[in-house]
Amino acid sequence: MNTGFTLAIAAAVAWGLVYVLSERVLRDFSPLALLFIYGVLTSVVLAPFILTGHIDAGDFFQRDRTALYLTLTAVLLTVLANFLILMSIERLGATPAALIEISYPLFTVIFVFLLFGTVPSWATAAGGVLIITGAAIITKFA
């Protein structure tokens, strides 16, 4: 089995657990407070890697200004996306929020086309139709 596929499945499992745990935490805390805690704890977890030289952040920021700007944009979008999904989990619950949010691959295909000109294959387009259909069914009957 392809390592990339295995890693993607592992990420999906981890995100599923994150959503369920977040639903419970959001009973007592706001999405913004939880997002702040995520950021603080992420910094604490990653700090040893930077301090021991396993992550050379200085080199990253000096090499390529375009990479720096793209990274900063991606970080801001990550914060926004996490905040929005936490608000959705708070209002809908983990399962419906996750099932609707899973439509993001469709937007990935759209943005790859708009930003980089990559034309999706027929299989990708068909998958997009299935994703939209599934999200519509979930939205209607949830």
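Please refer to the structure placed before this passage.
Residues numbered from 1 in each chain as written. Predicted model: local features only at pLDDT ≥ 70, side-chain atom pairs only at ≥ 80, totals over all residues. Heavy atoms only, no water.

> Please clarify how the environment of E23 should be interpreted in this entry.
For E23, the position within the fold is in helix α1 (residues 3-25). Sequence separation between E23 and F111 is 88 residues; the distance between their C-alpha atoms is 29 Å. When neighbours within four sequence positions are excluded, E23 is seen to be in contact with I89, G93 and A94. Within the structure, E23 has its side chain in polar contact with the backbone nitrogen of A94 (distance 3.1 Å). (Helix = DSSP H or I, 4+ residues; strand = E, 2+ residues; numbered from the N terminus. Contact = heavy atoms within 4.5 Å. Polar contact = N/O pair within 3.5 Å; in protein donor to acceptor, adjacent residues only side chain to side chain.)

> Sorry, what's going on with a nonpolar patch on the surface here?
Taken together, the side chains of F107, I110, F111, F113, L114, L115, F116 and V119 make up a nonpolar region of the molecular surface, amounting to roughly 890 Å² of accessible area. Within the secondary structure, F107 is located in helix α6 (residues 104-116). (Patch = residues over 30% accessible without salt bridge, like charges linked within 9 Å, V, L, I, M, F, W, Y side chains within 5 Å. Areas by Shrake-Rupley, 256 points an atom, 1.4 Å probe, with all protein chains shown as cover. Salt bridge = Lys/Arg side-chain N within 4 Å of Asp/Glu carboxyl O.)

> Whenever I open this one, helix α2 (residues 31-51) confuses me. Can you help?
Along an α-helix, a turn takes 3.6 residues, which lines up residues three or four apart on a common side. In a regular helix each residue adds 1.5 Å, so 21 residues correspond to 30 Å; α2 covers 30 Å between its end C-alpha atoms and thus fits that length. The sharpest bend along α2 comes to roughly 30°, located at V45, with the proline P48 sitting one to four residues further on. Every buried residue of α2 is accounted for by P31, L34 and L35. Positive phi shows up at G53, right after α2, with a value of about 85°. (Expected span 1.5 Å × (residues − 1). Bend = angle between axes of the 7 residues up to and from the residue. Buried < 20%, exposed > 50% of the residue type's maximum accessible area, 1.4 Å probe, protein only.)

> Would you mind going over the packing of α1 against helix α4 (residues 65-92) with me for this structure?
Running from amino to carboxyl end, α1 crosses α4 at an angle of 55°, the nearest separation of the two axes being 9 Å. When the interaxial angle is binned, α1 and α4 end up oblique. Note on packing geometry: the crossing formed by α1 with α4 is right-handed. Packed against α1, whose contacting residues are W15, Y19, S22 and E23, the element α4 presents N82, I85, L86 and I89 at the interface. A class-by-class count of the residues in the contact of α1 with α4 yields 5 nonpolar, 2 polar and 1 charged. (Axes fitted to C-alpha atoms, helices over the stretch in contact; angles between N-to-C directions. Parallel < 35°, antiparallel > 145°, perpendicular 65-115°, else oblique. Left-handed = near helix turned anticlockwise from the far one by under 90°. Nonpolar A, V, L, I, M, F, W, Y, C, P; charged D, E, K, R; others polar.)

> Please clarify how the packing of α2 against α4 should be interpreted in this entry.
Helix packing for two helices is described by the angle between their axes and how far apart those axes are. α4 packs onto α2 with a crossing angle of 135° between their chain directions and a minimal axis gap of 9 Å. As far as their axial angle goes, α4 and α2 are oblique. With respect to the hand of their crossing, α2 and α4 are arranged in right-handed fashion. Residues P31, L32, L34, L35 and Y38 of α2 touch α4, and the partners they reach there are V79, N82, F83, L86, M87 and E90. For the contact of α2 with α4, a count of residues per class yields 9 nonpolar, 1 polar and 1 charged.

> How do you make sense of the environment of A125 when you look at a structure like this?
In this fold, A125 is placed in helix α7 (residues 122-141). According to the relative accessible area criterion, A125 is partly exposed, its value standing at 42%. Between the C-alpha atoms of A125 and L34, which are 91 residues apart in sequence, the distance is 36 Å.

> How should the environment of A136 be read in this particular structure?
Position of A136 relative to the elements: it lies in helix α7. Sequence spacing of A136 and R91 is 45 residues, and the spatial spacing of their C-alpha atoms is 18 Å.

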